[in-house]
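Chains, contacts and geometry: an overview
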Amino acid sequence: MRQFVSIVAIVVWVSTGTQAQDGDAYALNEVAGSRIQEFVISVSDLDAMRTAFTEVFKWEVKREGPIDPTVIRFWGLPFGTAGQELLVGNAASDFGYVRLVEIDADDKELMRPGARWWDTGGLYNLNILVKDLDATQAALRDLGWTARGFKSTYDRGTAKGESQVMIGPDDLVVSFQERQAPPLQGWPAFTGATHIEVGYQMVQDLETWYAFYDETLGFEGIGMRDRPQLGPIGPNDYGLPHNASDIASYSQANVMFPRETKQSLGARAWTTAEGYDFSERIKAPNLGILSARLPVPDLDVVLARLARDGHAPVGEVQILFLEPYGAVRAALVRTPGGSGQLLTLFEPHAKPMDKSELEDFFGPGRFGNWVRFNNQMTGTVHYKAGGDARVTWQTGLDEEGTWTIKGDSICTAWYRLRDFRELCVRHYRVGDSTTQSFRIGAGPDGITTFDDPDTP
């Protein structure tokens, strides 16, 4: 029997900044508007999560509808997998959103079952600042959320407040915090909860994790620190016995996004406590925090830095339709160090090739190997200089016809197929010689990798 999965995505929008000329000098912390646009979290009850985020956190609905098939394919799910999504966020924010996504899929597992601090793999928790911690806790309890322990107070010298770690559906862990002093400054206005402040990953190799965010992606690292536990831990948020000591020791590292975003990511590596490794379970359609989506103004430069440091994307670069942002050019990257957390790096405002680009690229003639989007059928296509064309399928079928450029589209007509009726598609560049095509008014078509001009 088929079941439904919900995925929550928290998004951070990046406006296009100055593009770097030198990949080695490119640092996302220095790019104007850099921030976290979304975390994607898989949950099993869309309506329950809707209530928490809209009625308890008092966020507004920014988009609701079906998941685009380009996103389904990007996650590696079979074509035809259905789903619904709900994008919510603080009304005063243009980033830090949450996208709830309900996916119709079988064989789903919890990414981090049991929600324990010392199990590695994925994001353990999210931190959210709220206006009234007691009211938030009471409302969430009515929705079935539970507390990890008692409410606690914190005093970091520069800030005082109260916090409460709570566990929601599908073992989603959130640390809610109410700032008491000094008053928040520079934060978007909010009535229930503001955007996500921090997400913590549990890793095996903290140094590798830190280098990935600090050196490769170029966010502001604020160092790695040892946190030894020299005596009994006492009351704690970890769920450990109060007389535990050495087992609670860990090392921690944090990286900051541009300070105006009030966002960061952190990681912990436990010194002696050893649990399960869930890094291989961080994938769709499993239940939990699936991905963080980070906009970048120049995806190719970021991918070059990743390749330089030995980090290959998961699959090919693709065009996604992420409403309300429209078409974006995206790559999926897995965080190293035993985290397994997925990052979606996306370049906003993707545009199809215009008439001039199409003429330059296809005009001399092109031969390409294609993969159909919906059923992964493969074949070849030859756009010959002068307008003749030929296409083949993996089944051995081949056909001849014509091709022409009309506006921003390539239009083909085959002598035997479709009664010579013309079909037009738009091409988006996803690599130097690879395009992703979309049928006008009919959705995704395929991905084609071309050889040099007219050289089958």
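Above: the structure in question.
Residues numbered from 1 in each chain as written. Predicted model: local features only at pLDDT ≥ 70, side-chain atom pairs only at ≥ 80, totals over all residues. Heavy atoms only, no water.

Focus: the overall build of the chain
Note the following rule: Strands are runs of DSSP state E lasting at least 2 residues, helices are runs of H or I lasting at least 4, and numbering of each runs from the N terminus. Atoms counted for the radius of gyration: C-alpha only. Globule rule: 2.2 Å times the number of residues to the power 0.38. Here the term buried applies to any residue with accessible area under 20% of the maximum for its type, exposed to any over 50%, and partly exposed to those in between, with areas from a 1.4 Å probe on protein chains only. Surface accessibility in these figures is a Shrake-Rupley result with a 1.4 Å probe; residues are shielded only by whichever protein chains are displayed. Charge counting treats Lys and Arg as positive and Asp and Glu as negative, with His and both chain ends excluded. Every charge is mapped to an atom, namely NZ of Lys, CZ of Arg, CG of Asp or CD of Glu.
Along the backbone of the chain there are six helices and 26 strands. Expected size for 456 residues packed as a compact globule is a radius of gyration near 23 Å; at 24 Å, the chain falls within 12% of this value. The buried share among the 456 residues of the chain stands at 55%. Per element, the accessible surface of the chain, about 19,200 Å² overall, is 47% carbon and sulfur. Placing the 43 positive and 61 negative side-chain charges of the chain at their respective mean positions leaves the two points 3 Å apart.

Side note on the sheet that holds strand β19 (residues 366-372)
What counts here: For two strands to count as paired, DSSP must find a minimum of two bridges between them. Lines fitted to C-alpha atoms define the axes, with helix axes restricted to the stretch in contact, and inter-axis angles between N-to-C directions lie between 0 and 180 degrees. When checking whether two residues touch, look at their non-hydrogen atoms; a contact exists if any pair is within 4.5 Å.
Read around the closed barrel, eight strands run β19-β20-β21-β22-β23-β24-β25-β26, paired in antiparallel fashion. The mean angle between the axes of side-by-side strands here comes to 35°, regardless of whether they run parallel or antiparallel. Judged from the five bridges that link them, strand β21 (residues 388-393) and strand β22 (residues 398-406) form a sheet pairing that is antiparallel. Bridge pairing in β22 links Thr-392 to Asp-398. Set on the sheet, helix α6 (residues 355-362) makes contact with β19, β20 (378-383), β22, β23 (409-414), β24 (423-429), β25 (434-439) and β26 (443-450); between it and β22 the angle comes to about 140°.

Observations regarding the state of the cysteines
Let me state the cut-off plainly: Disulfides are defined as pairs of cysteine sulfur atoms found within 2.5 Å of each other.
Enumeration over the complete set of coordinates arrives at one disulfide. Paired through a disulfide, Cys-411 and Cys-424 show a sulfur-sulfur distance of 2.0 Å. Note on the Cys-411 and Cys-424 pair: the S-S dihedral is about 105°, so by sign convention the disulfide is right-handed. Placement of the pair is Cys-411 in strand β23 and Cys-424 in strand β24, with a sequence separation of 13 residues. The buried category is assigned to Cys-411, whose relative accessible area is 1%.

Some words on the nonpolar core
We count it as follows: Put simply, a nonpolar core is a bunch of buried Ala, Val, Leu, Ile, Met, Phe, Trp, Tyr and Cys residues held in one set by side-chain atoms that sit within 4.5 Å of each other.
Residues Phe-57, Trp-145, Phe-176, Trp-209, Tyr-213 and Leu-217 are the most contacted members of the largest nonpolar core, which totals 63 residues. One finds Trp-75, Leu-87, Leu-320 and Leu-322 within the second-largest nonpolar core, a separate group that totals 24 residues.

What about the pattern of salt bridges?
Going by this rule: Any Lys or Arg side-chain nitrogen found within 4 Å of a carboxyl oxygen on Asp or Glu counts as a salt bridge.
Using the criterion set out here, one finds 21 salt bridges in the structure. A salt bridge links Arg-390 to Asp-398, with the nearest nitrogen and oxygen atoms 3.5 Å apart. The exposure class assigned to Arg-390 is partly exposed, which follows from its relative accessible area of 37%. Overall, Asp-398 belongs to the partly exposed group, its relative accessible area being 28%.

Considering the packing of aromatic side chains
Note the following rule: Stacked, edge-to-face and tilted are the three classes for Phe, Tyr and Trp ring pairs, Trp counted by its six-membered ring, which pair at centre distances within 6.5 Å; planes under 30 degrees apart are stacked, over 60 edge-to-face, the rest tilted. When the NZ atom of lysine or the CZ atom of arginine is within 6 Å of a ring's centre and also within 35 degrees of its normal, the charge is said to sit over that ring.
Tallying each qualifying case throughout the model produces 24 aromatic pairs. A ring pair is formed by Phe-57 and Phe-176, whose centres lie 5.6 Å apart and whose planes are at 50°; its orientation type is tilted. Here Phe-57, found in the loop between α1 (46-56) and β3 (60-66), pairs with Phe-176, found in strand β10 (residues 173-181); they are 119 residues apart in sequence, far enough to count as distant. The interplanar angle of 85° and the centroid separation of 5.1 Å between the aromatic rings of Phe-212 and Tyr-213 together place this pair among those described as edge-to-face. Neither Phe-212 nor Tyr-213 differs from the other in exposure class; each is buried. Put simply, the rings of Phe-53, Phe-57, Trp-59, Trp-145 and Phe-176 touch in pairs and so form one group of aromatic residues. Positioned above the aromatic ring of Phe-373 is the side chain of Arg-73, whose terminal nitrogen or guanidinium carbon lies 5.2 Å from the ring centre.

What about the packing of helix α4 (residues 206-216) against helix α5 (residues 299-308)?
Going by this rule: Here the angle decides the label: under 35 degrees means roughly parallel, over 145 means roughly antiparallel, 65 to 115 means roughly perpendicular, and every other value means oblique. For any pair of crossing helices, the crossing counts as left-handed if the nearer helix is rotated counterclockwise from the farther one by less than a right angle, and right-handed if it is rotated clockwise.
Direction vectors running N to C along α4 and α5 enclose 140°, while the axes themselves pass 11 Å from each other. Accordingly, the angle class assigned to the pair α4 and α5 is oblique. Here α4 runs over α5; the crossing is right-handed. Note on element contacts: α5 touches α4 through Arg-305, Leu-306 and Arg-308, opposite Phe-212, Glu-215 and Thr-216.

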